[in-house]
Amino acid sequence: MSYHKAICRLRPRLQFIRLQSTSSGPQSTRRFSRLVSASVGVASFGLGWYAYGLTHKQNKTATKVPDAATAAIGAGVELPLINAKNGYPFNFLKPPSPEQVTEILNRDAWSVSTPSTALGGVSRYYGSQVPSNGPCEDRYIHGKFPSPSQPSGDNNWLAWGIFDGHLGSQVSQALTQHLLPYVHKSLARAFSQGTPVDDAAIHNAITAAFLSLDDAFLQHAEDTIASPTLTFAQKIARLSTGSNGSCALLSLYDPSTHKLHVACTGDSRAVLGRLDPTTNTWTTVPLSEDQGGGNPAEGARVAAEHPGEDLDALVKNGRVLGLATARAFGDGHWKWSATVQADGKERYLADTLRPHSAELYKTPPYVTAKPEVTTTVVEKGQPAFMILGSDGLWDVLTSEQAVGLVGRWIEWRKKGGKPDELPPQGKWEGFDLAVYRKEGWNLKSEKETVQDENAAVHLVRNALGGAHHDMVSGLLSLKPPYSRWCRDDITVQVVFFNC
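Described in the following lines is the structure provided in the data block. Please read all numbers here as calculations on a predicted model, not as lab measurements.

### Details of helix α3 (residues 98-106)
Right, on to step 1. If you check which residues of α3 are buried, you get Val101, Ile104 and Leu105. Buried residues along α3 cover an arc of 95° about the axis, so they all sit on one side.
Right, on to step 2. Summarising the contacts, the buried residues of α3 are in contact with β2 (109-113), β3 (122-130), α14 (455-463) and α15 (469-477).

Okay, here's the thing in C-alpha cells:
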C-alpha cells in the first residue's frame, strides 16, 4: 500500500511462476522498596560470597568436553582479523550514480519473449519490482497454466498477477501459491457443467474462487484459538493469514478467444493501451477500478451492507475504519468479531492494531475480498499492451501517463533504443522532499525519460523521478523504514499483444 494509503500507515503446482514489534512486559514495581533497601544492602555481601562459591564450584566440576568454539580455536583455527588500518577518517556514503541507479532498477526485473502465433498474439512481457519496505510486501506471478475449458488439450491460458501486501507479506505470499489454483478449479468446474459458459459465468467463477480462498484464510480463527489439540506454533501459523492483508490483481488471458479477464480486489490497477489506427495514437482503456476507501462506489457498498450504521464514521478520510483499501484478502482486524480480535491479539499477536470503537464495530466484516471482474477482447492483429501495477506506481503516474510512457518506449525501441540525454542537474537545483510534498507526487511531463530496455523498469524509473537523476538517486538512497514516507513498494508488469 502507498505511504499515504497504508494503515498506521510461479512455480506452484500449475505452470506459472512465482517469486518470490516488540512488546513490553509489565512495569517493574517499587512496592516496599524503602522498607527493604537496608535489608538488601546488608544481605548483598553474604549473597555475593554465596554466588561466588556456587559459580566457582560449578566451574571446577564442569564437563571436560569443550564446546565447539573452544575446540575449533584449540584446533588452530585463526580468529577473524578485524581490519584496523582502513576506515579512518570517516567518509560520507555516496548516493547511487546513474549506472548504479540503473543496476538497482534492474535488480529484480524480468522479461519473457514468446512465439506470438502460439499464444494469441502475446509477443513478450516485462516485469520489475523495487521494494521500499524491508522486506518487500509485494508479490507476483506470471506464466501459463492448463486451459480450464479444454483440460485434455494442449491449449494454455496465461496469467499475470500482482499481490500488494500490507502489515506483512504472509497473505501476499499465500496468494502466489493458492489464488490461481483456486481460480483454475472454479473455472474448470464451470466449464464442466455442459452448458455454454459466457463472460458472466466466468466472472462468477472467479469471484467464487476469491471468496472461497479468503474464507480459508479467516473462517477458522475462533476454532483455532479454542482448539485444545493445536500447539502454540500451529495456532500462530494458522492465524497468520488474518494478521495482515493483501490486495490482489489477477489477469487471465485465453488465447483461443483473445479475451482478457481481469479481477481486482483492492487498489492495484490494470490498464490497456490500444493503438488507434486512424490517429496512430495510444488510447487508454481501464481494465479495473481502484477500490480505495475514497471511491464513492465503495462507500455506497459499505452503507448498503451495514444499514443503519454511521457511514460517515465507518468511511472517513478515504478509509474504511482506518484502512485505505475497501477490499482485501486477510485483514482479520476488519473481518473477525471483536472477541476473536481481542483474544487473538492477547494470546497469539493475531491482531496488533488498536481495537475498534465498540460503537462503530458492530457487524463485521467491513472489508471484503470480493473482486470486480472485467472482460476485454484484444482484437486479433491489433497492437495493444497491458500494464499491471501495485499502487506504488499509481501514486505517481496516471493511467494515461503510463500508457503514454509505454507508447513512447515502443517508438524509442523502433528507432534503435538510444537512451535520452539527461538534462543538466542544475535545472532542478534546490529539490527536497518539502518541494515534493508542495508540488505533489505526480510525475511532471518535463521529467519523463526513456532509457531502459525493459518496459517495466522504464515505468518504475519515471515513477521515481525520470530524468531527474538527483531525485531518483535520493529516493533510492532512503532505506526502510524512512523510505515508506516518500515511496511505496512498486511492482509492474507490461504485456504486449501484436506488437
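What follows picks up the thread again.
### A look at the packing of aromatic side chains
Right, on to step 1. A full pass over the atoms with the stated rule returns 17 aromatic pairs.
Right, on to step 2. Plain terms: the ring middles of Phe210 and Phe329 are 5.4 Å apart, the flat faces sit at 45° to each other, and that makes the pair tilted. Of the two residues, Phe210 sits in helix α5 (residues 199-218) while Phe329 sits in strand β13 (residues 329-330), which places them 119 residues apart along the sequence.
Right, on to step 3. Aromatic side chains Phe232 and Tyr348 sit 5.9 Å apart centroid to centroid with 35° between the ring planes, which places their arrangement in the tilted category. Placement of Phe232 in helix α7 (residues 232-243) and of Tyr348 in helix α10 (residues 338-348) is noted, with a sequence separation of 116 residues between them.
Right, on to step 4. With relative accessibility at 56%, the residue Phe232 sits in the exposed group.
Right, on to step 5. Given a relative accessible area of 10%, Tyr348 falls into the buried group.
Right, on to step 6. Ring pairing ties together the aromatic residues Tyr126, Trp282, Phe385, Trp409 and Phe496, which thus form one cluster.
Right, on to step 7. Above the face of the Phe496 ring, Arg124 is positioned so that its terminal group lies 4.4 Å from the ring centre.

### Some thoughts on the packing of helix α12 (residues 399-414) against α14
Right, on to step 1. Interhelical geometry of α12 versus α14 gives an angle of 130° and a closest axis separation of 10 Å. Comparing their axes, α14 and α12 come out oblique. For the crossing formed where α12 meets α14, the hand is right-handed. Residues Ala402, Leu405, Val406 and Trp409 of α12 pack against Ala455, His458, Leu459 and Asn462 of α14.

Here is what the cut-offs are and how they apply
- Along each chain, numbering runs from 1 in the same order as the chain's sequence is written.
- Whole-chain, interface and lining totals are the exception, using all residues; otherwise, since this is a predicted model, local features are given only for residues with pLDDT of at least 70 and side-chain atom pairs are given and counted only at 80 or more.
- Note that water and hydrogens are dropped before the side-chain values are worked out from all heavy atoms of the structure.
- Exposed residues in this analysis have more than 50% of their type's maximum accessible area, buried residues have under 20%, and partly exposed residues fall in between, with area computed by a 1.4 Å probe over protein chains only.
- Each helix corresponds to a stretch of at least 4 residues labelled H or I by DSSP, and each strand to a stretch of at least 2 residues labelled E; elements are numbered beginning at the N terminus.
- Arc definition: directions from the helix axis to the C-beta atoms.
- Note on definitions: a residue-residue contact is assigned when non-hydrogen atoms from the two residues lie within 4.5 Å.
- Pairs were defined over the aromatic rings of Phe, Tyr and Trp, the Trp ring being its six-membered one, requiring ring centres within 6.5 Å. Orientation was assigned from the angle between planes: stacked under 30 degrees, edge-to-face over 60, tilted for the rest.
- Geometrically, a charge over a ring is one whose NZ (Lys) or CZ (Arg) sits within 6 Å of the ring centre while staying within 35 degrees of the ring normal.
- Interaxial angle, 0 to 180 degrees, is taken between N-to-C directions of lines fitted to C-alpha atoms, where a helix line uses only the stretch in contact.
- Should an angle lie under 35 degrees it is considered roughly parallel, over 145 roughly antiparallel, and from 65 to 115 roughly perpendicular; all remaining angles are considered oblique.
- Left-handed describes a crossing whose near helix is turned anticlockwise from the far helix by less than a right angle; the clockwise case is right-handed.

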